[in-house]
Amino acid sequence: MYKIAAMGDKDSIYGFASLGISIFPVEDPQQGVKLLRSLAESDYAVIYVTEKLSLEIKDEIARYDSKPLPAIIPVPGIRGNTGIGLDNVSKFVEKAVGSDILS
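Being a predicted model, the structure only gives us computed values, none of them experimental.

> Would you take a moment to explain the overall build of the protein for this structure?
Within the protein, the regular secondary structure consists of 5 helices and 4 strands. Counted from the first residue to the last, the protein has its helices and strands arranged as β-α-β-α-β-α-α-β-α. Put simply, the protein has 103 residues, and 34% of those count as buried. Residue pairs at least 24 apart in sequence account for 60% of intrachain contacts in the protein once pairs closer than 6 positions are excluded.

Here it is as structure tokens:
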């Protein structure tokens, strides 16, 4: 059975635990790269990553773009929204539909 994870700064991901999602606090990008690889090789089908961390480890995240699992989804942290999550949704919609219908 597949699992769901959230990784990023502790304050931003703490609430995911109340939904039954495994949380993994990350303090620096190198730790984030190692953790992402470990989760991707495990039974995690969905991995939420705070937008700040996703920008810091974007090259590692890109390695999984063409793979069906895991789905790596940027989410806003407590320090605000960078817009990367919405940008990714727009790219996926454009790829699926053939044009950007969200703009």
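> How do you make sense of the side chain of Ser12 when you look at a structure like this?
For Ser12, the location among the structural elements is in helix H1 (residues 10–13). Classification of Ser12 by relative accessible area gives buried; the value is 12%. Here Asp9 takes part through its side chain, which lies 2.9 Å from a polar atom of the side chain of Ser12.

Calculation rules
- Residues numbered from 1 in each chain as written.
- Predicted model: local features only at pLDDT ≥ 70, side-chain atom pairs only at ≥ 80, totals over all residues.
- Heavy atoms only, no water.
- Helix = DSSP H or I, 4+ residues; strand = E, 2+ residues; numbered from the N terminus.
- Buried < 20%, exposed > 50% of the residue type's maximum accessible area, 1.4 Å probe, protein only.
- Contact = heavy atoms within 4.5 Å.
- Polar contact = N/O pair within 3.5 Å; in protein donor to acceptor, adjacent residues only side chain to side chain.

On their own, these measurements won't tell you what the molecule is for.
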